[in-house]
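Summary of structural features
Here's the letter readout for the chains.
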Amino acid sequence: MIVDAIDAQGRRYLEVRVFPEGKLKQAFAEMPHEHCIECNALVHHGFDRYFQRNNPDDGSIPRELESLLLEMTYDTVCGPCGDRLLRKDSV
Ligand SMILES: [Zn+2]
């Protein structure tokens with residue numbers, strides 16, 4: 001099951017799993033790596049499990065535009081950091 005969770009600060013985490021072997025995964029092989037915003041670890045979309053993290057709504061932008069912007073401006077959080085942050089906040 002895909003993780004879609006909110007931490008204690010209201011930030012939303014959407015899990016991105018490692019893709020199964022095949023054309024989709026191959027298509028992402030050339031994508032540039034991103035860095036985890038928490039620990040700076042390299043994250044490779046499709047090859048590493050990670051989280052796309054969005055900040056809570058501030059309510060100042062119309063909903064449709066806001067959700068579009070949120071999707072485009074997520075922070076990359078590596079799997080271990082996302083697990084740690086969600087676990088800490090759930091205690
Ligand atoms: Zn990390």
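As the structure is a computational prediction, the values presented were derived from the model and not from experiment.

**What to know about the overall build of the chain**
Scanning the chain from N- to C-terminus turns up 3 helices and 6 strands. Each helix and strand of the chain, ordered N terminal to C terminal, gives the series β-β-α-β-β-β-α-β-α. The long-range fraction of contacts in the chain, counting pairs at least 24 apart against all pairs at least 6 apart in sequence, stands at 57%.

**Re the coordination of the zinc ion**
Protein coordination at the zinc ion comes from Cys36 (SG), Cys39 (SG), Cys78 (SG) and Cys81 (SG), with a distance range of 2.2 to 2.4 Å. Classification of the site at the zinc ion as tetrahedral follows from its 4 donor atoms and the range of 105 to 113° in their angles at the metal. Each donor residue of the zinc ion belongs to the same chain, with the gaps between them written as C-x2-C-x38-C-x2-C. Of the two residues, Cys36 sits in the loop between β3 (34-35) and β4 (42-43) while Cys81 sits in helix α3 (residues 79-90), which places them 45 residues apart along the sequence. What makes Cys81 buried here is its relative accessible area of 4%.

**Description of the packing of aromatic side chains**
By the definition in use, this model includes 2 aromatic pairs. Relative to Phe51, the ring of Tyr13 lies with its centre 6.0 Å away and its plane at 80°, an arrangement referred to as edge-to-face. Of the two residues, Tyr13 is situated in strand β2 (residues 12-16) and Phe51 in strand β5 (residues 50-54); the sequence distance between them amounts to 38 residues. Ring centres 5.3 Å apart and planes at 65° place the aromatic pair Phe19 and Phe28 in the edge-to-face group.

**With respect to the pairing of β5**
Within β5, 5 of the 5 residues are buried, leaving the element largely enclosed by the surrounding structure. Of the two faces of β5, the one carrying Tyr50, Gln52 and Asn54 and the one carrying Phe51 and Arg53 are both buried. As paired elements, β2 and β5 share 5 bridges and run antiparallel to each other. Pairing of Val16 across the sheet is with Tyr50, part of β5. In this structure, β5 lies alongside strand β6 (residues 75-78), joined through 4 bridges in antiparallel fashion. Counterpart to Phe51 in the pairing with β6 is Val77.

Reading the values: the criteria
- Residues numbered from 1 in each chain as written.
- Predicted model: local features only at pLDDT ≥ 70, side-chain atom pairs only at ≥ 80, totals over all residues.
- Heavy atoms only, no water.
- Helix = DSSP H or I, 4+ residues; strand = E, 2+ residues; numbered from the N terminus.
- Contact = heavy atoms within 4.5 Å.
- Donors = N, O, S within 2.8 Å, 3.2 Å for Na, K, Ca; no water.
- Tetrahedral: all angles 85-135°; square planar, octahedral: opposite > 155°, others 65-115°.
- Buried < 20%, exposed > 50% of the residue type's maximum accessible area, 1.4 Å probe, protein only.
- Phe/Tyr/Trp six-rings, centres within 6.5 Å; stacked < 30°, edge-to-face > 60°.
- Pairing = 2+ DSSP bridges.

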